[in-house]
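# Topology and contacts: notes
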Amino acid sequence: MSSAARFASYFVGSIRVVILADGARTFPLTDDFVINATKDEINAALSDAGLPVNQITTTYTPILLDCGNRKVLIDTGNGAAGLAVDPAGPGCLSESLRQAGIKAAEIDTVVISHCHPDHVNGLIDENGNSAYPNAAILVPSVEWDFWMQMAPRIPAPSPRMMKLTQTNLKVFHSLKNQVQVYSDGDKILDGVTAVMTPGHSIGHMSFIVKSGSEEVFLQSDLTNNPAIFLRNPGWHGRFDQYPMLAESTRREKLHWLAQTRIRVQGYHFPFPGCGYVEQTADGYHFKPLTLGVKTAHGG
Ligand SMILES: [Zn+2]
């Protein structure tokens, strides 16, 4: 059992938003973590946020939307592949689901925000079988076409692109009969609308969850670690596939979130990853909300 497993929840109108830890990974800060900022500048941002320097901790946080008769999981974490790398690290979503009292077989829909391994690897179990056998798996149509059709035909792909493509072909190989595609503006379920936010990947999606007078924006990977990228929206993380497009999408949505003060939930924000975006003189600041977090130990 992973000690990283935990969950928290809140309601948006009648929809229960369950935040599920898939764990976190800490790695040394490298020169190329941000392609247009120096290590010193990144360390200054970490230090200003009260975080240790020379290292980055990335958190992974899938979301389950529970509407009583529907259980919709958004992104699936690092899966068995993550646990194989570090049993105490990412890949503990299934344990967090268990702690939240939710069975994989009850989940009727899995929505993938974009096809990067920390979001899709959890679609399969350690034997390569479907981890959510009763679910429709919704994949953005632009992502599906890219990873299944275009990426495998790129001549001389970069090592990262080759790895991403191989991962997607492997993960989706046995799941094709479960996959359905969706597009910008589609209603995933009553009160949940897909919003295309491209740049981090070609067809990256975020989601507006709205019920009654309440609302939350699930921003997926629009912004990675907020201490670095909310504060410096012009910084380009090495994992953004289309850095200029990612920056313009990020600036537009951060401005909107700060103006409207709509609650935001970030996949890579520190657990539980829920709060508000505030404008500062030269960037943005994430103001986290305190939620009751539950673990196996009742903490
Ligand atoms: Zn991610």
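Described in the following lines is the structure provided in the data block. (Residues numbered from 1 in each chain as written. Predicted model: local features only at pLDDT ≥ 70, side-chain atom pairs only at ≥ 80, totals over all residues. Heavy atoms only, no water.)

What follows concerns the packing of helix α5 (residues 141–150) against helix α6 (residues 159–173). Running from N to C, α5 and α6 cross one another at 105 degrees; their axes reach a closest spacing of 9 Å. With respect to their mutual orientation, α5 and α6 come out roughly perpendicular. Within the contact between the two elements, α5 uses W144, F146, W147 and M148 and α6 uses M161, L164, T165, N168, L169 and F172. Taken together, the residues of the contact of α5 with α6 break down into eight nonpolar, two polar and no charged. (Axes fitted to C-alpha atoms, helices over the stretch in contact; angles between N-to-C directions. Helix = DSSP H or I, 4+ residues; strand = E, 2+ residues; numbered from the N terminus. Parallel < 35°, antiparallel > 145°, perpendicular 65-115°, else oblique. Contact = heavy atoms within 4.5 Å. Nonpolar A, V, L, I, M, F, W, Y, C, P; charged D, E, K, R; others polar.)

Before going further, it helps to spend a moment on the pattern of salt bridges. Under the counting rule described, the total for this entry stands at nine salt bridges. Between D32 and R238 there is a salt bridge whose closest N-O contact spans 3.2 Å. With D32 in the loop between β3 (24–28) and α1 (39–48) and R238 in the loop between α7 (226–229) and α8 (243–260), this residue pair connects regions lying 206 residues apart in the sequence. Since its relative accessible area comes to 40%, D32 is described here as partly exposed. Assessed through its relative accessible area of 37%, R238 is described here as partly exposed. Its salt-bridge partner being E278, residue R261 comes within 3.9 Å of it at the nearest N-O pair. You can see R261 sitting in the loop between α8 and β14 (263–266) and its partner E278 sitting in strand β15 (residues 274–279), a full 17 residues away along the chain. The class for E278 is partly exposed, based on a relative accessible area of 25%. (Salt bridge = Lys/Arg side-chain N within 4 Å of Asp/Glu carboxyl O. Buried < 20%, exposed > 50% of the residue type's maximum accessible area, 1.4 Å probe, protein only.)

A word on the sheet that holds strand β16 (residues 284–288). Sheet architecture is open: seven strands sit in the order β10-β11-β12-β13-β14-β15-β16, paired in mixed fashion. Strands with a single pairing partner mark the edges of an open sheet, and in this sheet they are β10 (187–189) and β16. When the angles between neighbouring strand axes are averaged without regard to direction, this sheet yields 35 degrees. Sheet topology places strand β13 (residues 214–220) next to β14; four bridges connect them, and they run parallel. When the sheet's bridge partners are listed, S220 is paired in β14 with G266. (Pairing = 2+ DSSP bridges.)

Summed over all chains, the structure comprises nine aromatic pairs. Between F146 and W147, the aromatic rings sit 4.9 Å apart at their centres with planes inclined by 85 degrees, giving edge-to-face as the arrangement. Each member of the pair, F146 as well as W147, is classed as buried. Here F217 and W256 contribute two aromatic rings whose centre-to-centre distance is 5.0 Å and whose plane-to-plane angle is 85 degrees, an arrangement assigned as edge-to-face. Of this pair, F217 sits in strand β13 while W256 sits in helix α8, placing them 39 residues apart in sequence. Ring pairs connect the aromatic residues F27, F33, F229 and F239, which therefore count as one cluster. Here the guanidinium or amino end of K253 rests over the ring plane of W256, the centre of that ring lying 6.0 Å away. Here the guanidinium or amino end of R263 rests over the ring plane of Y10, the centre of that ring lying 4.4 Å away. (Phe/Tyr/Trp six-rings, centres within 6.5 Å; stacked < 30°, edge-to-face > 60°. Lys NZ or Arg CZ within 6 Å of the ring centre and 35° of its normal.)

We now examine the sheet that holds strand β1 (residues 7–12). Taken in spatial order, the seven strands of this open sheet run β1-β2-β5-β6-β7-β8-β9, and their pairing is mixed. The outermost strands of the open sheet, each flanked by one partner alone, are β1 and β9 (179–182). Pairs of neighbouring strands in the sheet enclose a mean axial angle of 25 degrees, with direction left out of account. Judged from the six bridges that link them, β1 and strand β2 (residues 15–20) form a sheet pairing that is antiparallel.

When you line up the elements, K71 lands in strand β6 (residues 71–74). On a C-alpha basis, the gap between K71 and I107 in space is 4.9 Å, while along the polypeptide they are 36 residues apart. Dropping the residues within four chain positions of it, K71 is found in contact with L65, D66, I102, E106, I107, D108 and T109. Within the structure, K71 has its side chain in polar contact with the side chain of D66 (distance 3.4 Å). (Polar contact = N/O pair within 3.5 Å; in protein donor to acceptor, adjacent residues only side chain to side chain.)

We now examine the coordination of the zinc ion. Distances from the zinc ion to its protein donors, D118 (OD), H119 (NE2), D221 (OD) and H268 (NE2), fall within 2.1 to 2.2 Å. For the zinc ion, the four donor atoms in the first shell make angles of 89 to 175 degrees at the metal, a pattern classed as irregular. Spacing between the donor residues of the zinc ion along their common chain follows D-H-x101-D-x46-H. Of this pair, D118 sits in helix α4 (residues 117–120) while H268 sits in the loop between β14 and β15, and the two are 150 residues apart along the sequence. (Donors = N, O, S within 2.8 Å, 3.2 Å for Na, K, Ca; no water. Tetrahedral: all angles 85-135°; square planar, octahedral: opposite > 155°, others 65-115°.)

This part covers the environment of D190. Note on placement: D190 falls in the loop between β10 and β11 (192–196). Put simply, D190 and V209 are 19 residues apart on the chain and 8.9 Å apart in space, counted from C-alpha to C-alpha.

Any link to function would need more than the numbers given here.
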